[in-house]
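The residues making up each chain are set out below.
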Protein chains: 4
Amino acid sequence: MSQYILKIDCQDAKGLIYKISNVIYKNDLNIEKNSEFVDEESKKFFFRARVAGNLDMNDLKDELKAILPPDANIYIGVRRAKNVVLMATKESHCLGDILLKHQSRELNANIQAVISNHDTLRGLCEKFDIPYFFVSAENLDRETHEEKVLRILEEFNPDFIILAKYMRILTGTFIKPYEGKIINIHHSFLPAFIGANPYKQAHKRGVKIIGATAHFVNNDLDEGPIISQSVIDINHEYSWRDMQKAGRNVEKVVLSNAIDLAFEDRIFINNNKTIIF
Amino acid sequence: MSQYILKIDCQDAKGLIYKISNVIYKNDLNIEKNSEFVDEESKKFFFRARVAGNLDMNDLKDELKAILPPDANIYIGVRRAKNVVLMATKESHCLGDILLKHQSRELNANIQAVISNHDTLRGLCEKFDIPYFFVSAENLDRETHEEKVLRILEEFNPDFIILAKYMRILTGTFIKPYEGKIINIHHSFLPAFIGANPYKQAHKRGVKIIGATAHFVNNDLDEGPIISQSVIDINHEYSWRDMQKAGRNVEKVVLSNAIDLAFEDRIFINNNKTIIF
Amino acid sequence: MSQYILKIDCQDAKGLIYKISNVIYKNDLNIEKNSEFVDEESKKFFFRARVAGNLDMNDLKDELKAILPPDANIYIGVRRAKNVVLMATKESHCLGDILLKHQSRELNANIQAVISNHDTLRGLCEKFDIPYFFVSAENLDRETHEEKVLRILEEFNPDFIILAKYMRILTGTFIKPYEGKIINIHHSFLPAFIGANPYKQAHKRGVKIIGATAHFVNNDLDEGPIISQSVIDINHEYSWRDMQKAGRNVEKVVLSNAIDLAFEDRIFINNNKTIIF
Amino acid sequence: MSQYILKIDCQDAKGLIYKISNVIYKNDLNIEKNSEFVDEESKKFFFRARVAGNLDMNDLKDELKAILPPDANIYIGVRRAKNVVLMATKESHCLGDILLKHQSRELNANIQAVISNHDTLRGLCEKFDIPYFFVSAENLDRETHEEKVLRILEEFNPDFIILAKYMRILTGTFIKPYEGKIINIHHSFLPAFIGANPYKQAHKRGVKIIGATAHFVNNDLDEGPIISQSVIDINHEYSWRDMQKAGRNVEKVVLSNAIDLAFEDRIFINNNKTIIF
């Protein structure tokens, strides 16, 4: 008997829960956990269930299609460790945190590779026996560099790409094939301090809290759907470097929370927002 | 068309959601929001829905009873402002906060009266035109005093009794007729600093965070099911009076959150814990 | 024997603490609490002490002037309740919170009056016996309206003006005579969501935390020196009205913390930032 | 020119800051940062300064001794990376976090060794080239085991011993030579859930927040002076294993904050409390 994740979103209508739970019941599946939400603005219905039992995923999908509105998106997948490629630049705190959790089996994921535009983090990755791909961006235009990275990604065909402090902006061409699958950590409580050097910006503005934001990456810099945020208090004694140091703990925890949610298929993207069960 | 709250708890079984949503669907009710939870330990199933439509509450209850396990508790009620009696002693911050919210219609409740063992807060209550009952405990044994209070409560027959810093311990006799309906605010992050003077205890222990806890009252002092908690950071500069002052803001916010949840029938009590939808 | 607050800021130099504490010592004053900070960027030195004893404020100022750099700002004041005028529009949560604290003597301030551009909050203020000035802005240009308000303020000559949800933008002319004395509460964690309707903006952006910011008012909207900030977690279930409701508790606590700091003369303004002891 | 840390505590008296700053000034030292605090209860004065310049530590100590009350404790030390031995049992999250920070030079410390009562974490430590000492406790009484550990510690003579999830209780004999130098992380917001299995205790009690506490170790289990605490919100959906998983992020951040403070000599112990500058 396996566990499956079932995710549905569609226009809201009367009786959806009854109809879906009817299909699940008739298939003799046990609902271990389920959640629903109707977004009042978009009038969209979101449903996620973790079910246990024996099922034919195609048959179940067909049965659900028959009773759901025609616009319905239906995802059915075995609950399993996700395949993941990490991308990073020079900072080790987020990457190291993920590698440590991977090693102690706290992560519901299989890390396939790390790709970096620098060679700095090779040593760390090798400690944990993770293949490391150094793709220098020197003397390359953005497109050529991204193509090289994309070729590596294609080899691995990951479920998710985690930008663990990857400090380059990605083009739409890069993002397109992995839409909704690229998660970034930004070192501010977005939408404050979009762009470069958020800690310097925060220091200049004299804020009393700093934070971090994990979000899906889309074409607009730092504008993608937010998954997770957290903050800490600071005060006038903090230089921007002190903020950066204190912020690292927030960044890695926020990213860790976000990828845990993603790896359990708990996130829906609804336009520019997330619904998280 | 009215809004109703439907709450069910019973032993977990296969198909419960299907069966319940079937009854709701057949009755042509619209589910505006629903939540479920299965407690793995007690194997109990909890369900809450806000539905809109026309219904006969007794008929619906009978229909649900027919398809649910025999131990099921079923609550169906019109969504409405709750009737509430507040009890307090001398401190005004929690009481005043509730009275202010009541006046600006932020509270889904009708405050029927304030009962106090002191006369201190009469002026405040009269400002807001709330009947004030001063029941002195002087020269009375606990039982006699409680009887006098109970007689006032009987007049009002409130849905909830809110202990907004009522500084007397209640006996089992008092609590029994209002089980699951009395909410207290305790000025510590329980179970730390049970009993008297938690801020003095916190100061003595040298903690770096203090907090507050809203909980249902049962026979065991400060041991009832916890509804809501929050904390704030402090440091060595705080005297216990500084903690008390800073703590007041936490206390009133925690109590406010807890009663909002209660007034919307969002809380289940499962032995000594709460499930909150 | 009285308590005094002594505040000094000047260009940093060697021996400042020694020289200042020497003056204090020679005057036989007891330092109850003191704090210093040197801002590395501006190379400015900030000092605050609470001292007890008998002193002639002018003499002490002269003695300090003699040993400090020529650019030094020296403030010496008796520790006392501040005179305060509140300004508000229609919302009662911040205003009511301050009035409650004033009444229970938790506020180190004497509230002289409330000024509003609407008549909505008159009833609340009269409950607490605070003079209420309704200055309608209808059919008036901004300057004329502000002049009427300024004339009332002049009567009271307050130490601080607290904008407890005063929803009009103030001009430079209004602000100038009260620079560093006007404190506003903004319903977002600035610099996110500057301007109108921050909760609607937050809802649209899909953030997972919302917050509030208390700051001194200067000529640039929502750009003044930040005093205090706080946030709470939200999720996809929150409509912007839910955010507004939840945010009210944050707003009033943040404003309350900020004015407590101001009323104790614990805040320095250093360009667009605050140093808080 | 070197940086020095100067720490003084003694009975409070008039003029202490003047006298101390006079000595510092006469020695031509530059105060980069200083802090003072008087504990009202114990009437004790605490002072810490970071000074830069050329000094003879013994001479300075003598000069200070001459002007301070006879009970004064004076510490003068060069600002430098501390020597540290880590102790752990089987869990890797706190240990791994410290090793990562050590490697990326974020830690103001030199990790000399890891000692464990299990062999589980050897691989992790070897990745980071840290000597690993496995001292099995099997078939040994507590005293004999501790003696073996003490012998290793003596070799290294560390400034601090960090218990990064070392799951054995230490005796007074072990603690005595390292009083004020052993820092432990406890997985609850002490004093709640003292002793074994705090997450199971927290689950049973039904709390809505869980936390972690870093504290100095003394003879009373989980009763030592608290350095740092933090919490996170949980809800009824959390099993105790979910709490444990979520709690790991809190534990490692709290421990990390505490050791940063200790390594910068920012902590005073005052009976059972800490004063932190």
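What you are looking at is a predicted structure, and each value in this text was computed from that prediction instead of being measured. (Residues numbered from 1 in each chain as written. Chains lettered and ligands numbered in written order. Predicted model: local features only at pLDDT ≥ 70, side-chain atom pairs only at ≥ 80, totals over all residues.)

**Concerning the sheet that holds strand β4 (residues 73-78) of chain B**
Residues and elements named next belong to chain B. Ordered by their spatial adjacency, four strands build an open sheet running β2-β3-β1-β4, and the pairing between neighbours is antiparallel. With one partner strand each, in any of the chains shown, β2 (30-39) and β4 form the two edges of the open sheet. Each adjacent strand pair in this sheet contributes to an overall mean axis angle of 10 degrees, direction not counted. With ten bridges connecting them, strand β1 (residues 2-11) and strand β3 (residues 44-53) associate as antiparallel partners. (Pairing = 2+ DSSP bridges. Helix = DSSP H or I, 4+ residues; strand = E, 2+ residues; numbered from the N terminus. Axes fitted to C-alpha atoms, helices over the stretch in contact; angles between N-to-C directions.)

**Some words on the interface of chain A and chain C**
Contacts between chain A and chain C engage 24 residues on the former and 24 residues on the latter. Those elements giving two or more residues to the side of chain A that touches chain C turn out to be β11 (226-233) and β13 (273-276) of chain A. Its residues assigned to classes, the side of chain A that touches chain C shows eleven nonpolar, eight polar and five charged. (Contact = placed C-beta atoms within 7 Å. Nonpolar A, V, L, I, M, F, W, Y, C, P; charged D, E, K, R; others polar.)

**Looking at helix α7 (residues 198-205) of chain D**
Residue and element names in this part refer to chain D. For α7, every residue scored as buried is listed here: Pro 198, Tyr 199, Ala 202 and His 203. The buried residues of α7 all sit within an arc of 140 degrees when viewed along its axis, so they share a single face. The secondary structure elements touched by the buried residues of α7 are β10 (209-216) and α8 (240-263). Gly 206 sits one or two residues past α7 and shows a positive phi near 75 degrees. (Buried ≥ 20, exposed ≤ 12 C-beta atoms within 10 Å, placed from the backbone. Arc of directions from axis to C-beta.)

**Focus: the relation of the copies chain C and chain D**
Between the two copies of the chain lies a rotation about an axis combined with a shift along it. For the pair chain C and chain D, the superposition axis carries a translation of 0.0 Å, the fit reaches an RMSD of 0.0 Å, and the rotation angle comes to 180 degrees. Taken together, the turn and the small shift mark the pair as related by a two-fold rotation axis. Rotation axis and chain C: the residue whose C-alpha lies nearest the axis is Tyr18(C), separated from it by 2.8 Å. (Least-squares fit on C-alpha atoms with pLDDT ≥ 70 in both.)

**Quick look at unusual backbone geometry**
Here the amide bond leading from Leu190(C) into Pro191(C) is cis, since omega sits at 10 degrees, within 30 degrees of zero. Take Pro191(C): it is sitting in the loop between β9 (182-186) and α7 (198-205). For Asp28(A), which is not glycine, the phi dihedral falls at a positive 60 degrees. Within the secondary structure, Asp28(A) is located in the loop between α1 (16-26) and β2 (30-39). Despite not being glycine, Lys43(C) has its phi angle at roughly 55 degrees, a positive value. Position of Lys43(C) among the secondary structure elements: in the loop between β2 (30-39) and β3 (44-53). For Lys43(C), a count of 10 C-beta atoms within 10 Å corresponds to the exposed category.

**Describing helix α8 (residues 240-263) of chain B**
Residue and element names in this part refer to chain B. Taking 1.5 Å of rise per residue, the 24 residues of α8 would be expected to cover 34 Å, and the 33 Å separating its terminal C-alpha atoms lies within 8% of that figure. When the local axis directions of α8 are compared, the greatest deviation, roughly 35 degrees, occurs at Gly 247. Following α8 by one or two positions, Asp 265 has its phi on the positive side, about 55 degrees. (Expected span 1.5 Å × (residues − 1). Bend = angle between axes of the 7 residues up to and from the residue.)

**Things to note about the interface of chain C and chain D**
Contact with chain C, which involves twelve residues of that partner, is made by twelve residues of chain D. Looking at the side of chain C that touches chain D, the elements that each hand over two or more residues are α1 (16-26) and β2 of chain C. The element that contributes the greatest number of residues to the side of chain C that touches chain D is α1(C), accounting for five residues. Considered class by class, the residues forming the side of chain C that touches chain D number four nonpolar, five polar and three charged.

**Side note on the domain arrangement of chain A**
Residue and element names in this part refer to chain A. Considered domain by domain, chain A is made up of domain 1 (2-78) and domain 2 (82-276). Put simply, the middle of domain 1 and the middle of domain 2, counted by C-alpha atoms, are 31 Å apart. Counting residues at the interface gives ten residues for domain 1, matched by five residues for domain 2. Of all the secondary-structure elements, those providing two or more residues to the side of domain 1 that touches domain 2 are β1 (2-11), β2 and β3 (44-53). Residues of the side of domain 1 that touches domain 2, tallied by class, amount to three nonpolar, two polar and five charged. (Domains from an automatic or database assignment.)

**Focus on the pairing of β2(C)**
Residues and elements named next belong to chain C. Across nine bridges, β2 lies against β3 in antiparallel orientation. From the neighbouring strand, Asn 30 faces β3, where its bridge partner is Ala 52. If you look at the hairpin formed by β2 and β3, you'll find four residues sitting between the two strands, and Lys 43 has a positive phi there, around 55 degrees.

**A few points about the sheet that holds strand β2 (residues 30-39) of chain D**
Residue and element names in this part refer to chain D. Spatial strand order, β2-β3-β1-β4: four strands in an open sheet with antiparallel pairing. With partners counted over all chains shown, the strands left at the sheet margins are β2 and β4 (73-78), one partner each. Pairs of neighbouring strands in the sheet enclose a mean axial angle of 10 degrees, with direction left out of account. The strands touched by helix α1 (residues 16-26) are β1 (2-11), β2 and β3 (44-53); relative to β3, the strand with the most contacts, the crossing angle is about 20 degrees.

**A short note on the nonpolar core**
If you look at soluble globular proteins, the nonpolar side chains tend to sit buried side by side. Ranked by internal contacts, the top residues of the largest apolar core, which has 326 residues, are Ala164(A), Ala164(B), Ala164(C) and Ala164(D). Excluding its chain neighbours within four sequence positions, the residues that come into contact with Ala164(C) are Leu86(C), Met87(C), Ala88(C), Cys94(C), Leu95(C), Ile98(C), Ile185(C) and Leu255(C). (Core = buried A, V, L, I, M, F, W, Y, C linked by C-beta atoms within 7 Å.)

**A few points about the packing of α7(C) against helix α8 (residues 240-263) of chain C**
Residues and elements named next belong to chain C. One way to put it is that α7 packs onto α8 with a least axis distance of 9 Å and a crossing angle of 125 degrees. What the angle tells us is that α7 and α8 run oblique. The interaxial crossing formed by α7 with α8 has right-handed handedness. Taken together, the residues of α8 that come into contact with α7 (itself represented by Tyr 199, Lys 200, Ala 202 and His 203) are Trp 240, Met 243, Gln 244 and Gly 247. When its residues are assigned to classes, the contact of α7 with α8 shows four nonpolar, three polar and one charged. (Parallel < 35°, antiparallel > 145°, perpendicular 65-115°, else oblique. Left-handed = near helix turned anticlockwise from the far one by under 90°.)

**Regarding the relation of the copies chain A and chain C**
Least-squares fitting of chain A to chain C yields an RMSD of 0.0 Å, with the transformation described by 0.0 Å of translation along the axis and a rotation of 180 degrees. The overlap is high: 100% of the interface residues of chain A also sit at the interface in chain C, so the same surface is used on both sides.

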